[in-house]
Amino acid sequence: MKKKICFLGIELQISIKRKKKNLSINKLLNVVENAKLNFGPGPNWIKPSSEWINIDVDPDRADIVINFRDFKHLPLRDDSIECVYGSHVFEHISIFKTPIVFKEVFRVLKKNGVFRLVLPDVEKSINEYINSNEDFLLFKRRKDRALLNYKKKYTLFECLKEDFLSPNGQIDLLGKDSLAHQNAWDFQSIKLDLVRAGFDIDKIKRMGFKATQTNHFSFEGAYESEANEDYRSLYIEAIK
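The helix and strand inventory of the chain stands at seven helices and nine strands. Counting over 240 residues, the chain shows a buried share of 43%. In the chain, the proportion of contacts linking residues at least 24 apart, taken out of those at least 6 apart, comes to 65%. Split by element, the accessible area of the chain, about 13,400 Å² in all, is 53% carbon and sulfur.

Below you can see the structure in the form of structure tokens.
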């Protein structure tokens, strides 16, 4: 919440954050019989049911607060989670931590549980860059943002580079010199990372926007989210 105050004739804007009281993990799992996880739910996320548990670095959005720079494990029991969802979040986790995260997701999922990942489709971006497509919507958006926020006129390569590395926009939570995007995959590489985490290669499928093997993710497309940007997103489901 932001407020304006006047001090010694100077108008100041202050930001006030209410600290959210997080339930203990044991209490969460005892209350929630069919617990489901959403990684980085975003500001527009509304839980479709009380079964959903949010994981985020922002305590205002999280039931479980995790800073993935220091990630070691999920504070959850083996085989305790029905499904896991994450849209445009795993690319924000470093190349050193995502293998641990994926192994932990596999560990906590129940048998036949579904892990749905929505990621930037870097192969698409690479093709648009090779074709010198100045009109690619994602590149145009990045050019506009760079001009507005950094006073920089981005080249097409700098637009592409943000699929792999980009400055963090949550300065108050993660610091001024931290990264947002710091990881990227095409379908073959994410499939391999999931196999390394424990998933069977035959149970990893490329999906589409709102195309899913379960009804757990029927909320996709029902609120404003990067997941809705199917022109530049990669959709994957892995079943334990």
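All right, on to the layout of surface pockets then. Each pocket or cavity is described by its volume, and for the second largest pocket that value is around 160 Å³. Together, Tyr150, Lys152, Tyr154, Glu158, Lys161, Glu162, Leu165, Ser166 and Pro167 line the second largest pocket.

Time to look at the pattern of salt bridges. Think of it this way: side chains of opposite charge can pair up when their charged atoms draw near. Counted by the stated rule, this structure contains 19 salt bridges. Put simply, glutamate 128 and lysine 124 hold a salt bridge, and the shortest N to O gap is 3.1 Å. Of this pair, glutamate 128 and lysine 124 both sit in helix H3 (residues 122-130), four residues apart, which is roughly one turn of the helix. We classify glutamate 128 as buried; its relative accessible area is 11%. Owing to a relative accessible area of 31%, lysine 124 belongs among the partly exposed residues under this scheme. A salt bridge links arginine 145 to glutamate 162; its shortest N-O distance comes to 2.3 Å. On the criterion of sequence distance, the pair formed by arginine 145 in helix H4 (residues 137-150) and glutamate 162 in the loop between helix H5 (156-161) and helix H6 (171-174) is long-range, its members being 17 residues apart. For glutamate 162, a relative accessible area of 2% gives the class buried.

Definitions and cut-offs
- Residues numbered from 1 in each chain as written.
- Predicted model: local features only at pLDDT ≥ 70, side-chain atom pairs only at ≥ 80, totals over all residues.
- Heavy atoms only, no water.
- Helix = DSSP H or I, 4+ residues; strand = E, 2+ residues; numbered from the N terminus.
- Buried < 20%, exposed > 50% of the residue type's maximum accessible area, 1.4 Å probe, protein only.
- Contact = heavy atoms within 4.5 Å.
- Areas by Shrake-Rupley, 256 points an atom, 1.4 Å probe, with all protein chains shown as cover.
- 1 Å grid on protein atoms, 1.4 Å probe; cavity = no way out; pocket = protein on both sides within 12 Å on 5 of 7 lines; lining within 4 Å.
- Points joined across faces, edges and corners; volume = space filled by probe spheres on them.
- Salt bridge = Lys/Arg side-chain N within 4 Å of Asp/Glu carboxyl O.

Geometry only, nothing functional implied.
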